[in-house]
Amino acid sequence: MEPGPDEPGPDEPGPDEPGPGCVPAPEVCDGLDNDCDRIVDEGCVCAEGEKRSCYSGPPGTQGVGACKAGVQVCSGNAWGPCTGEGVPAHEDGCDLVDNDCDGQTDEDTCPAGTACGVSLAADMASPPKGWSFNGDAFWDADRLAGVLTEARHGQAGTIIYRNPIAADVFTATFEFRLGGGDGMGFMLQTTGETAVGDGGGGLGMAGLAGFGVEIDTYHNLGCTDSNKNHVGVDDLTKPCDGGVLGSLGQGTSGVALGDGAFHKAQIELDKGKVNLNIDGKLQFQGFAIPGFPVGSKFFYGFAAGTGDATARQEIRNVKITFPSPRCL
């Protein structure tokens with residue numbers, strides 16, 4: 001009978017038989033039938049180059065948080081070390097990683113009342129958690145905005161995040177609406193979460209301990225104001241006469257700041273250097289604040305004031321983003 005198409009011929013070895021040229025030799029764990037007994041790697045722990053998953057952490061932690069399996073490779077009849085695995089470690093810092101693989105992230109790594117994160121937000125669609133409204137400021141449930149001042153004489157209000165945060169590098173974006181009042185500012189100050197500075201030309205932040213970026217809609221003739229539509233950077237501790245902000249640097253804005261419409265601002269701080277954009281138009285770039293204490297903690301917030309000039313002054317859609325996690 002002729003062999004079938006899948007059967008070996010009379011002079012051909014079967015699938016488990018060594019070929020006619022097989023010369024018996026001691027069996028070596030190399031994936032071959034060295035001793036020609038039709039058994040490959042008998043007595044071997046593993047085949048050369050074989051790989052398998054491995055994990056040395058406690059049961060139930062694999063695949064949780066940072067914990068993951070590694071890989072072992074067979075070499076010389078033995079499994080090699082487990083490489084690339086992640087096992088439970090101590091939660092020793094704010095990094096947004098579940099290091100101890102217990103299903104919780106960064107527990108007990110930040111002071112009470114703070115949480116590890118990379119951004120602050122206050123869209124004003126609801127009362128913003130963690131932000132305090134001080135002086136004449138309040139949250140408007142009808143207009144869904146944070147109101148810094150109403151259109152009344154002698155107002156000063158601030159909206160401040162509750163916890164001080166290191167100021168090294170960040171980007172702050174927000175929308176603001178001003179009228180014919182004095183204007184508003186974004187500030188970094190150490191006076192406190194309920195602090196309110198001088199009204200009028202002080203924009204609700206003059207006299208506090210810190211620095212500010214002013215968006216000013218009033219020309220205070222006796223100080224350093226260039227016109228009634230300008231922006232600047234301020235040392236809040238050094239107001240001019242009458243509590244008016246004294247600018248470290250100032251320039252005319254190409255945006256109609258007090259037109260009663262919402263405008264979008266973006267402020268970038270990078271190790272004491274400040275950029276300001278409004279509606280995508282660069283207002284100033286790389287302004288170096290003299291003596292800025294890079295990395296020191298400040299209260300982040302907004303302020304506005306009215307004096308003889310009045311306007312309802314509002315903010316919304318606030319977001320402050322940091323390049324790395326920190327306790328917020």
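Residues numbered from 1 in each chain as written. Predicted model: local features only at pLDDT ≥ 70, side-chain atom pairs only at ≥ 80, totals over all residues. Heavy atoms only, no water.

**Structural notes on the side chain of Glu 175**
Basically, it comes down to this: Counting from the N terminus, the helices are DSSP H or I runs at least four residues long and the strands are E runs at least two residues long. A 3.5 Å cut-off defines polar contacts: any pair of N or O atoms within that distance qualifies, except that in protein one atom must be a possible hydrogen donor and the other a possible acceptor, and neighbouring residues in sequence count only when both atoms are side-chain atoms.
Looking at the element boundaries, Glu 175 is found in strand β9 (residues 169-177). A polar side-chain atom of Glu 175 sits 2.5 Å from a polar atom in the side chain of Arg 316. A polar contact is formed between the side chain of Glu 175 and the side chain of Asn 317, at a distance of 3.3 Å.

**Quick look at the pairing of strand β16 (residues 281-288)**
To be explicit about the condition: One requirement defines pairing of two strands: DSSP has to find at least two bridges between them.
Bridge count for strand β15 (residues 273-278) against β16 is five bridges, and the pairing is antiparallel. Across the sheet, the residue bridging to Val 274 is Phe 287, located in β16. The antiparallel pairing of β15 with β16 creates a hairpin that spans two residues between the two strands, and Asp 279 there sits at a positive phi of about 55°.

**Thoughts on the environment of Thr 237**
Turning to its location among the elements, Thr 237 is positioned in the loop between β12 (230-235) and β13 (247-252). For the pair formed by Thr 237 and Met 205, sequence separation is 32 residues and the distance between their alpha carbons is 9.2 Å. A distance of 2.6 Å separates polar atoms of two side chains, one belonging to Thr 237 and the other to Asp 235.

**As for unusual backbone geometry**
This is how it is decided: The buried label applies to any residue whose accessible area, calculated with a 1.4 Å probe on protein chains only, is under 20% of its type's maximum; exposed applies above 50%, and partly exposed to all values in between.
A positive phi angle, close to 55°, is found at Leu 203, a residue other than glycine. Along the polypeptide, Leu 203 turns up in the loop between β10 (183-189) and β11 (210-216). Taking relative accessible area as the criterion, Leu 203 reaches 0% and is therefore assigned buried. With a phi close to 55°, Asp 279 is a non-glycine residue in the positive phi region. Relative to the elements of secondary structure, Asp 279 occurs in the loop between β15 and β16. Taking the relative accessible area as the measure of exposure, Asp 279 reaches 37% and is therefore partly exposed.

**Concerning the packing of aromatic side chains**
Here is the rule: A pair of aromatic rings is counted whenever rings of Phe, Tyr or Trp (Trp by its six-membered ring) have centres within 6.5 Å, and the orientation is called stacked for planes under 30 degrees apart, edge-to-face for over 60 and tilted otherwise. Only lysine NZ and arginine CZ atoms are considered, and such an atom sits over a ring when it is within 6 Å of the ring centre and within 35 degrees of the ring normal.
Evaluation of the coordinates by the stated rule reveals 14 aromatic pairs. Ring geometry for Phe 211 versus Phe 298: centroids 6.4 Å apart, planes at 70°, classification edge-to-face. A residue pair is termed long-range when its members are at least 10 positions apart, and Phe 211 in strand β11 and Phe 298 in strand β17 (residues 297-305) qualify at 87 residues. Among the residues examined, Phe 211 registers a relative accessible area of 13% and is labelled buried. Note on Phe 298: relative accessible area 4%, which makes it buried. Its guanidinium or amino end placed over the ring of Phe 262, Arg 316 lies 3.6 Å from that ring's centre, counting from NZ or CZ.

**Considerations on the side chain of Thr 173**
To keep it simple, the criterion reads: Residue contacts are defined here by distance: any two heavy atoms, one from each residue, within 4.5 Å place the two residues in contact.
Topologically, Thr 173 is positioned in strand β9. Assessed through its relative accessible area of 17%, Thr 173 is described here as buried. Apart from the residues lying within four places of it in its own chain, the contact partners of Thr 173 are Lys 264, Ala 265, Gln 266, Asn 317, Val 318 and Lys 319.

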